[in-house]
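Descriptive structure summary
Chain residues, written in single-letter form:
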Amino acid sequence: SLRFEVTINYYRDCRGIPFNIGSFTVRCSNGGSQTVSMTRQSIKEITPLCATASAKCNPQNQSAGDGVEQHTYTAILDFNRAPLSSLKNCTGKIVIETGQCCRNGAINTGATGDFTTYAEIDISKAPCNSSPSLTSEPIAILCCNQPFFFNNGASDITDFDSLSYSWAPPKGSSINQNLNYSGNNYAYNHPF
């Protein structure tokens, strides 16, 4: 029916700036775009803690603590109604683009500046497809000089699509702006 529920999870290092994201951009990859409002559904701390430990991100959505918060936002995209009906006949992919100024300065190995992330939907070929689900929180707290294995548990039990991963450059203020890692020792294809 060309109607999609979009859920966006942002993961925030509690040492960074507060999140206040109210909209994202929906555009056709070969022209035209619209801004869509979204609603924050929840903020929850997802820092792995012992049962007796107190919250690391206290107060919520403030520059305090050494934890990680998950901010969940939702929106309904209905390509049968204005303003998205102007994108209904897109012959390319629909791009959902979101981000915020600025990347956390406490992270000293990654890129600096704004951040952007995106997802693509081909509504002409897969108008009823669902995205994969993550069965694990996509965060990691590592111990120095200890082996570490990461699996965010992505699976697609709705459509049984094949999933693959690859490293890519971090994005700045748009999906067309690639950022470099800080220093000369790191790059998107050599992040460690």
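This text goes with the structure placed above it.
Let me begin by describing the structure that accompanies this report. In this text, all values refer to a predicted model and were calculated from it rather than measured experimentally.

How each quantity is defined
- Residues numbered from 1 in each chain as written.
- Predicted model: local features only at pLDDT ≥ 70, side-chain atom pairs only at ≥ 80, totals over all residues.
- Heavy atoms only, no water.
- Helix = DSSP H or I, 4+ residues; strand = E, 2+ residues; numbered from the N terminus.
- Contact = heavy atoms within 4.5 Å.
- Areas by Shrake-Rupley, 256 points an atom, 1.4 Å probe, with all protein chains shown as cover.
- Buried < 20%, exposed > 50% of the residue type's maximum accessible area, 1.4 Å probe, protein only.

Turning to the overall build of the protein, a few remarks are in order. Assigned secondary structure in the protein consists of 0 helices and 9 strands. Helices and strands in the protein line up, N terminus first, as β-β-β-β-β-β-β-β-β. Projected onto its principal axes, the C-alpha positions of the protein cover 50 × 40 × 35 Å. In the protein, the share of contacts with a sequence separation of at least 24, taken over all contacts with a separation of at least 6, comes to 64%. Working note: accessible area of the protein is about 12200 Å², and carbon and sulfur atoms make up 48% of it.

Residue P59 is reached from N58 by a cis peptide bond, and omega for that bond is 5°. Residue placement: P59 occurs in the loop between β4 (39-45) and β5 (68-78). In this chain, A82 is followed by P83 through a cis amide linkage whose omega measures 5°. For N145, which is not glycine, the phi torsion reads 60° and is therefore positive. Along the chain, the position of N145 falls in the loop between β8 (133-134) and β9 (154-155). We classify N145 as exposed; its relative accessible area is 72%. The phi dihedral of F160 falls on the positive side, at around 60°, and the residue is not glycine. Tracing the sequence through the fold places F160 in the segment after β9.

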